[in-house]
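Residue-level structure breakdown
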Amino acid sequence: MNNSRFARTAAWLAVPCLVAAGLLAWYVTREPVSSLELQPLAVADIDPALVSRGEYVARLSDCVACHSVPGGAPFAGGLEMATPLGVIHATNVTPDPTTGIGRYSLADFDRAVRHGVAPGGRRLYPAMPYPSYAKLTDDDVRALYAFFMKGVAPVQQANAESTIPWPLNLRWPIALWNAVFTDADAYADKPTQDPLWNRGAYIVQGPGHCGSCHTPRGLAFNEKALDESGAPFLSGALLDGWYAPSLRGDHNTGLGRWNEQEIVKFLKTGRNQHAVVFGSMTEAFNNSTQFMSDDDLAAIARYLKSLPGDRQRDGAPWQYQATSAAQSAQKPGAQTYATRCASCHGLDGKGQPESMPPLAGATSALAAESASAINITLNGSQRVVAAGVPDAYRMPAFREQLSDQQIADVLTFVRSTWGNQASAVQAEAVGKLRGHTDPASSSPIILQMR
């Protein structure tokens, strides 16, 4: 009798379990609804004006930085991207019908770009910044599609497989990740804000995907906030051996000391009186921000300057304290600074404005995270290419000239002088980055869009 009752109970329990399993299977394999499903766009009907508009949206979105490699065909993929789970490679997004996206309809393209789902329900890894691209407007997605189908030459190049091991390489759980950590709605203007602010918010949150680097991530590798409604949004984050600083109004580690015109100049020319682009931002400048219209740059600056800082996180505002490295010879690292660094950055740490950046008050010298300071000292900087012209000078790599301890000492000196009050750098931290980073190329890297 007891066995019979147990069997009946198990049977009744099995029914909802099977239903739940079926619903789960449907949810994780379904193709999301595209708002462009009923607005087909035949490739033959695409006009040059829409292609040109799409090329500009691709610049805003910095598509070329991930989907092209130096010396390779535009958008043929192949870029190796390290993740905590393994290596993945950017895919071929040329209109080749066999190895690229040549068979994609507009709705297929939309689902991939804004929802992270390729045809057939295959989930894309969120290294593709679709959590940000979800905010793209229908018009911008349509223009992007036109550019990739008519403005990019087809290239037959197979996509490389990832090294993420099974079962971590299963794609279906990403659907659940998306449900928790993404917002599928396109950007909607805030009626309380003016058009310039709204345009800036749209670019920063959407095509610019600034949060992908500058917003800290949670345990599930999710951005902790996707817009200004969350305090962590653009508050700074560690990524790939670089610290992407706060883009909020933080006085020390953000944009608190920058005005809107200085932000525009930095994005347009790669430099201003406060800083010169380096690290991952060099690629963003070389391939994207310098090509943005003045109006869009002004909109970005307006939006960023509206984001408040956090005194508790950022600390007391930095104030310059006059001193000379030549007069601090007794401090570890001071002699190295005087002989290796002062010719460019000055004995007083003030640099040479708009050519050699100051280290007094520099974000990398005030941030708790020292990765950027270590990385650029070890590996130097990439060439900044503005208007097609590479810069004449760059930060050299010191990995062959200085030991881990010497680099730690000189960076500790920089981070504790001229009013800088950041933590000391340990030789072990330098050695760790030395082991899994490489020197920056001294050759200009220009990725072609066509």
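Remember, it's a predicted structure, so these values are computed and weren't measured experimentally.

Calculation notes
Residues numbered from 1 in each chain as written. Predicted model: local features only at pLDDT ≥ 70, side-chain atom pairs only at ≥ 80, totals over all residues. Heavy atoms only, no water. UniProt positions renumbered as here; feature names shortened; annotations may be inferred. Helix = DSSP H or I, 4+ residues; strand = E, 2+ residues; numbered from the N terminus. Contact = heavy atoms within 4.5 Å. Pairing = 2+ DSSP bridges. Patch = residues over 30% accessible without salt bridge, like charges linked within 9 Å, V, L, I, M, F, W, Y side chains within 5 Å. Areas by Shrake-Rupley, 256 points an atom, 1.4 Å probe, with all protein chains shown as cover. Salt bridge = Lys/Arg side-chain N within 4 Å of Asp/Glu carboxyl O. Buried < 20%, exposed > 50% of the residue type's maximum accessible area, 1.4 Å probe, protein only. Polar contact = N/O pair within 3.5 Å; in protein donor to acceptor, adjacent residues only side chain to side chain. Core = buried A, V, L, I, M, F, W, Y, C linked by side-chain atoms within 4.5 Å. Phe/Tyr/Trp six-rings, centres within 6.5 Å; stacked < 30°, edge-to-face > 60°. Lys NZ or Arg CZ within 6 Å of the ring centre and 35° of its normal.

On to the UniProt feature "binding site: heme c 3" (unreviewed entry) in the chain, then. Residues given the UniProt feature "binding site: heme c 3" (unreviewed entry) here are Cys341, Cys344 and His345. Along the chain, Cys341 turns up in the loop between helix 14 (334–340) and helix 15 (342–345). Leave out the neighbours within four places in its chain, and Cys341 touches Thr336, Gly346 and Val410. Positionally, Cys344 belongs in helix 15. Setting aside residues no more than four positions away along its own chain, Cys344 makes contact with Gly351, Gln352 and Met356.

Before going further, it helps to spend a moment on the pairing of strand 1 (residues 80–83). In this structure, strand 1 lies alongside strand 2 (residues 86–89), joined through 4 bridges in antiparallel fashion. Bridge pairing links Met81 to Ile88 in strand 2. Once strand 1 ends, the chain turns through 2 residues before running back antiparallel as strand 2.

Another aspect to go through is a nonpolar patch on the surface. A surface patch of nonpolar side chains, amounting to about 440 Å² of accessible area, comprises Trp166, Leu170, Trp172 and Leu176. The topology assignment puts Leu170 in the loop between helix 6 (138–151) and helix 7 (173–181). Its relative accessible area of 33% is what places Leu170 among the partly exposed residues.

The next subject is the side chain of Asp250. Relative to the elements of secondary structure, Asp250 occurs in the loop between strand 6 (242–244) and helix 10 (260–269). Since its relative accessible area comes to 1%, Asp250 is described here as buried. Of note is the side chain of Asp250, whose polar atom sits 2.7 Å from the backbone nitrogen of Asp310. Among the polar contacts listed, one links the side chain of Asp250 to the side chain of Arg313, at a separation of 2.3 Å. Contacts of Asp250, omitting those with residues within four sequence positions, involve Leu255, Gly256, Gly309, Asp310, Arg313 and Asp314.

Before going further, it helps to spend a moment on the nonpolar core. Nonpolar side chains in soluble globular proteins tend to end up buried together. If you look at the biggest cluster of nonpolar residues, it comprises 68 residues, and the most contacted ones within it are Phe75, Phe109, Phe147, Phe148, Tyr303 and Leu304. With 8 residues, the top contributor of residues to this core is helix 6. Ignoring sequence-local partners within four residues, the contact set of Phe75 consists of Cys63, Val64, His67, Ser68, Thr91, Asn92, Val93, Thr94, Phe147, Phe148, Val152 and Met449. Counting 28 residues, the second largest nonpolar core, distinct from the first, contains Ala325, Cys341, Ala360 and Val414.

In this section: the packing of aromatic side chains. Under the definition given, this model contains 14 aromatic pairs. Note on Trp197 and Tyr303: the rings are 5.1 Å apart at their centroids and 75° apart in plane angle, and the pair reads as edge-to-face. Here Trp197, found in helix 8 (residues 195–205), pairs with Tyr303, found in helix 12 (residues 294–304); they are 106 residues apart in sequence, far enough to count as distant. Taken individually, Trp197 and Tyr303 each receive the classification buried, so the pair is uniform in this respect. The interplanar angle of 65° and the centroid separation of 5.8 Å between the aromatic rings of Trp242 and Phe278 together place this pair among those described as edge-to-face. With Trp242 in strand 6 and Phe278 in the loop between helix 10 and helix 11 (280–287), the pair connects residues that are 36 residues apart, well separated along the chain. Classification of Trp242 as buried rests on a relative accessible area of 16%. Relative accessible area serves as the criterion here: at 28%, Phe278 is assigned to the partly exposed category. Here a set of aromatic residues connected by ring pairs shows up, and it is made of Phe75, Phe109, Tyr145, Phe147 and Phe148. For Arg59, the ring lying beneath its charged end belongs to Phe291, and the centroid distance is 3.7 Å. Directly above the ring of Tyr320 sits Lys350, whose terminal nitrogen or CZ lies 4.7 Å from the centroid.

Moving on: the side chain of Ser68. Within the element layout of this structure, Ser68 appears in the loop between helix 3 (63–67) and strand 1. Residue classification places Ser68 among the buried residues on the basis of a relative accessible area of 3%. A polar contact is formed between the side chain of Ser68 and the backbone nitrogen of Phe75, at a distance of 2.8 Å. Beyond its immediate sequence surroundings of up to four residues, Ser68 is in contact with Ala73, Pro74, Phe75, Leu79, Leu447 and Gln448.

Position of Gly346 relative to the elements: it lies in the loop between helix 15 and helix 16 (363–366). Residue Gly346 is classed as buried on the basis of its relative accessible area, which comes to 13%. For the pair formed by Gly346 and Leu176, sequence separation is 170 residues and the distance between their alpha carbons is 52 Å. The contacts of Gly346, once residues within four sequence positions are left out, are Tyr337, Cys341, Gly351 and Trp418.

Residues annotated in UniProt with the feature "binding site: heme c 1" (unreviewed entry) correspond here to Cys63, Cys66 and His67. By secondary structure assignment, the location of Cys66 is in helix 3. Look past the residues within four positions of Cys66 in its chain and what remains in contact with it is Leu79, Met81 and Ala90. Among the secondary structure elements, His67 is positioned in helix 3. Apart from the residues within four sequence positions on either side, His67 is in contact with Phe75, Ala76, Gly77, Ala90, Thr91 and Val93.

Okay, the environment of Asp96 next. With respect to the helices and strands, Asp96 occurs in the loop between strand 2 and helix 4 (106–115). Expressed as a C-alpha distance, the spacing of Asp96 and Glu55, which sit 41 residues apart in the sequence, is 18 Å. Within the structure, the side chain of Asp96 is placed 2.9 Å from the side chain of Thr98, a separation counted as a polar contact.

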